[in-house]
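Structural characterization, general
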Amino acid sequence: MPTPRLITLGIQHLFIMYAGAVAVPLIVGGALKLPTSTIALLVSADLLTSGIFTVVQSVGISKVFGVRLPVVTGATFTVLTPMIIIAQEYGLQAVYGAMICSGVFGLLIAKPFSMLIRFFPPLVAGTVITIIGLSLIGADVSLIAGSDATAKNYGQVSHIAVAAIVVLLIVVITRAFRGFVGQIAVLLAIVIGTLVAWAMGMTDFSAVSGENWVGFSGFLHFGAPKFEAAAIISMCIVMLVTYTESTADMLAVAEMVDKELTPNDLARGLATDGISAIFGGFMNAFPDTSFAENVGLVGLTKIRSRWVVTVCGCFLIIMGFIPKLGAVVASIPDPVIGGAATVMFAMVAAVGIRTLHKASFEDNHNLLIVAVSLSIGMIPTVAPTFYEKFPQDFQVIFSSGITSTVIVVFILNLVFNHWVRTPQTEGAVDNALRHGAVSIDKETTDKSEA
């Protein structure tokens with residue numbers, strides 16, 4: 001694309017993901033009562049890591065790293081609870097030691113894990129993509145209304161009104177304009193929404209003046225990493241959960257850009273997540289995963305170029321070295337970002353519904369599979385404390401609606417559609433293939449073997 005268009009579309013991706021990118025270091029830093037200067041360091045390190053691995057995912061490095069799709073990466077929220085618990089028990093040095101080990105573990109299992117993609121036909125992939133969008137709706141609602149329902153300023157009409165204006169602007173600009181203007185509807189809505197919020201006295205850019213122009217988070221800020229067995233096991237479980245979510249997001253992006261995601265493609269993408277954990281362990285950052293809000297943006301804009309998110313990654317790297325720029329973006333009012341995120345997350349769910357359309361629901365149990373999987377996946381979304389009395393390792397896995405849905409739909413698809421009573425008969429296999437419930441390797445020609 002022409003450079004001006006490429007830069008503008010890249011900035012749009014940056015604006016839509018920034019709040020999520022900095023949320024993890026802010027939450028971890030606050031929970032551990034770290035000094036403000038240290039939290040700022042974590043934010044810079046997180047942006048730098050996110051930018052580097054966004055570029056790696058989009059551009060690729062040989063045949064080893066990068067899925068080569070328009071994928072934007074950022075710190076995974078799955079790491080929040082385990083990191084805080086490990087830090088309180090063993091210290092931050094143990095957190096980063098466990099991260100490094102989990103990254104090595106991730107590199108080792110990337111290829112074997114990628115072979116599971118054959119068990120992600122439209123029935124499974126569509127269900128998982130749908131839950132990604134549905135389960136993230138709570139995140140944008142908290143940006144708009146606030147995260148504490150008991151607070152006085154929770155659900156202020158002015159905040160909801162600003163978010164509604166942003167949503168309305170996205171719809172109007174997309175409908176009224178074609179070409180480039182229509183493609184940057186989200187960016188224009190965020191800019192106009194920020195101006196509206198400024199006129200209503202909701203913006204505060206005072207933090208910008210206090211930030212440095214140039215800064216670097218450095219290496220091993222908290223000291224040499226420590227290696228505790230319990231912490232390492234917990235972080236390896238987190239890596240498995242991260243791989244599950246990344247697989248679903250990459251399938252969603254591949255669906256949007258009409259590209260077949262091969263096991264080799266997926267293996268390169270997952271290996272990139274693994275190396276990000278190793279890098280983050282030395283850089284005071286966090287493990288990365290694909291960001292669903294940017295998946296939604298690809299679906300809305302129909303911009304398939306991976307070079308757009310490469311530009312976004314470059315901006316993230318720059319912001320990792322220039323804290324003042326990060327402070328500018330961070331000062332955009334939450335209701336503005338929340339309004340845009342509402343559309344992006346819902347767009348992901350819509351893509352999942354479109355994918356489910358490719359599966360058959362006649363003369364089979366596929367409706368039951370989707371119903372049970374989505375119901376279990378929505379539990380931690382509508383009731384975050386539902387599993388709080390369960391063991392910690394169980395909570396790490398099933399407190400994520402995405403991960404629990406993947407596990408349930410994966411198993412149910414095997415039970416109902418793969419483990420047929422008479423697998424030797426050609427008719428049973430033909431029936432499973434016709435219903436879109438079984439995925440076979442292209443090189444396989446023998447039906448009974450499939």
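Just so it is clear, the structure is predicted and the values come from calculations on it, not from any experiment.

Calculation rules
- Residues numbered from 1 in each chain as written.
- Predicted model: local features only at pLDDT ≥ 70, side-chain atom pairs only at ≥ 80, totals over all residues.
- Heavy atoms only, no water.
- Helix = DSSP H or I, 4+ residues; strand = E, 2+ residues; numbered from the N terminus.
- Contact = heavy atoms within 4.5 Å.
- Areas by Shrake-Rupley, 256 points an atom, 1.4 Å probe, with all protein chains shown as cover.
- Core = buried A, V, L, I, M, F, W, Y, C linked by side-chain atoms within 4.5 Å.
- Buried < 20%, exposed > 50% of the residue type's maximum accessible area, 1.4 Å probe, protein only.
- Expected span 1.5 Å × (residues − 1).
- Phe/Tyr/Trp six-rings, centres within 6.5 Å; stacked < 30°, edge-to-face > 60°.
- Salt bridge = Lys/Arg side-chain N within 4 Å of Asp/Glu carboxyl O.
- Patch = residues over 30% accessible without salt bridge, like charges linked within 9 Å, V, L, I, M, F, W, Y side chains within 5 Å.
- Axes fitted to C-alpha atoms, helices over the stretch in contact; angles between N-to-C directions.
- Parallel < 35°, antiparallel > 145°, perpendicular 65-115°, else oblique.
- Nonpolar A, V, L, I, M, F, W, Y, C, P; charged D, E, K, R; others polar.
- Disulfide = S-S within 2.5 Å.
- Polar contact = N/O pair within 3.5 Å; in protein donor to acceptor, adjacent residues only side chain to side chain.

Next up on the list: the overall build of the protein. The helix and strand tally for the protein stands at 20 helices and 2 strands. At a minimum sequence separation of 6, the contacts of the protein that also span at least 24 residues come to 84%. Total accessible area computed for the protein in this model is approximately 19,400 Å², and 65% of it derives from carbon and sulfur atoms.

Moving on, we get to the nonpolar core. Counting residues in each nonpolar core, the largest one holds 50 residues, and the members touching the most others are Leu69, Val128, Ile132, Tyr243 and Leu261. When residues in this core are grouped by element, the largest group, 9 residues, is from helix α11 (residues 229–256). With residues up to four places along the chain from it excluded, the contact list for Val128 reads Ala248, Thr405, Val406 and Val409. Membership of the second largest hydrophobic core comes to 42 residues, among which are Val186, Val309, Val336 and Met347.

So, on to helix α5 (residues 122–135). The end-to-end C-alpha distance of α5 is 19 Å, a good match for the 20 Å that 14 residues give at a rise of 1.5 Å each. Most of α5 is tucked away: 12 of the 14 residues are buried. Taken residue by residue, α5 has Leu123, Val124, Ala125, Gly126, Thr127, Val128, Ile129, Thr130, Ile131, Ile132, Gly133 and Ser135 as its buried positions.

A few words on the packing of aromatic side chains. All chains considered together, the criterion is met by 5 aromatic pairs. Their ring planes at 90° and their centres at 5.0 Å tell us that Phe386 and Tyr387 sit as a pair that is edge-to-face. Residue Tyr387 is classed as buried on the basis of its relative accessible area of 10%. A ring pair is formed by Tyr387 and Phe390, whose centres lie 5.4 Å apart and whose planes are at 90°; its orientation type is edge-to-face. Here Phe390 falls in the partly exposed class, since its relative accessible area comes to 40%.

With that out of the way, let us pick up the pattern of salt bridges. Using the criterion set out here, one finds 3 salt bridges in the structure. Ionic pairing is found between Arg304 and Asp258, a salt bridge with its closest N-O pair at 3.1 Å. Within this pair, whereas Arg304 is found in the loop between α13 (292–301) and α14 (306–321), its partner Asp258 is found in the loop between α11 and α12 (263–283), the two being separated by 46 residues in sequence. Of the residues examined, Arg304 reaches a relative accessible area of 46% and is grouped as partly exposed. Note that Arg268 is salt-bridged to Asp265, the shortest N-O span being 2.8 Å. Linking Arg268 with Asp265, this pair stays in helix α12, spanning 3 residues, or about one helical turn. The same class applies to Arg268 as to Asp265, namely buried.

Take a nonpolar patch on the surface next. Together, Leu368, Ile411, Val415, Phe416 and Trp419 line one region of the surface with nonpolar side chains, adding up to about 480 Å² of accessible area. Per-element accounting of the nonpolar patch gives the leading share, 3 residues, to helix α19 (residues 401–418). Checked against the element boundaries, Phe416 lands in helix α19.

With that out of the way, let us pick up the packing of α11 against α13. Contact geometry for α11 and α13: axes closest at 10 Å, N-to-C directions at 10°. Put simply, α11 runs roughly parallel to α13. Contacts from Asp249, Ala252, Val253 and Met256 of α11 reach α13 at Ala292, Val295, Val298 and Gly299. Residue composition of the contact of α11 with α13, grouped by class: 6 nonpolar, 1 polar and 1 charged.

This part is about the state of the cysteines. In this structure the tally under the stated criterion is 0 disulfides. No disulfide involves Cys236; its sulfur sits 7.1 Å from that of Cys101, the nearest cysteine. Judged by its relative accessible area of 15%, Cys236 is buried. Unpaired in this structure, Cys314 has its nearest cysteine sulfur neighbour in Cys312, at a distance of 9.2 Å. We classify Cys314 as partly exposed; its relative accessible area is 38%.

Right, let's get into the side chain of Thr310. Its place among the elements puts Thr310 in helix α14. The exposure class of Thr310 is buried, given its relative accessible area of 10%. Of note is the side chain of Thr310, whose polar atom sits 2.7 Å from the side chain of Ser58. When near neighbours in sequence (up to four residues on either side) are disregarded, Thr310 contacts Val55, Ser58 and Val59.

As a further point, take unusual backbone geometry. Positive phi values are uncommon outside glycine, yet Leu220 reaches one of about 45°. Residue placement: Leu220 occurs in the loop between α10 (206–209) and α11.

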